[in-house]
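# Descriptive structure summary
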Amino acid sequence: MFKGSKGHVICDFDSRILLPFGDKGDMTYYKPRSEDKLLPPLGHFQKQWLDACRNPSLKTACDFEYSGNMIEQLVLGLVAYRVGKKLNYDGVAGKVTNSPEANALLSRKYRPGWKLDG
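Predicted model only: the values in this text are computed from it and were never measured.

### Re the side chain of T60
Inspection of the secondary structure assignment puts T60 in the loop between α1 (45-54) and α2 (64-83). On the basis of relative accessibility, which here comes to 15%, the residue T60 falls in the buried class. Here the side chain of T60 touches D63 through a polar contact of 3.4 Å, landing on its backbone nitrogen. In contact with T60, other than residues within four places in its own chain, are Q48, W49 and A52.

### Side note on the side chain of S99
Mapping S99 onto the fold places it in the loop between β5 (95-96) and α3 (100-104). Among the polar contacts made by the side chain of S99, one reaches the main-chain amide nitrogen of A102 at a distance of 3.1 Å. Residue contacts for S99: discarding those within four places in its chain leaves K85 and L87.

About the cut-offs
- Residue positions within a chain follow its written sequence, with the count starting from 1.
- In view of the model being predicted, local features appear only for residues whose pLDDT reaches at least 70, and side-chain atom pairs are presented and counted only at 80 or more, with totals across whole chains, interfaces and linings using the full set of residues.
- Based on all heavy atoms of the structure, the side-chain values leave hydrogens and waters out of the count.
- Helix and strand labels come from DSSP, where a helix needs a run of H or I of at least four residues and a strand needs a run of E of at least two; each type is numbered from the N terminus.
- We call a residue buried when its accessible area falls under 20% of the maximum for its residue type, exposed when it is over 50%, and partly exposed in between, using a 1.4 Å probe and counting protein chains only.
- N or O atoms within 3.5 Å of each other form a polar contact, as long as, within protein, one can give a hydrogen and the other can take it, and as long as residues adjacent in sequence are counted only when both atoms are side-chain atoms.
- Residue contacts are counted whenever heavy atoms from the two residues lie within 4.5 Å of one another.

Structural data, given as structure tokens:
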């Protein structure tokens, strides 16, 4: 559920509900997208994943590349919020170039005797 200045949006992968509220909570500003501008439905991503496991030539709507890029953006947004400033990020190197404090939040130091190779 997302709360905005004019109402709430409740959504999942298949549906969305708009709930206006407050003095500005009318729907007069809302203009639905035309049919050609709507995003196609994702379908049942769990079934897509299972089907792709059985047949590797099939592609899913949310593969590892898509998911990895999305999670990287989400983490960078959280890090930027935490340090309180705009970040310059080098995606190839996987480093923030303008904030050592933010760059330090992108990894963790492991306890002695423990390490992660990969």
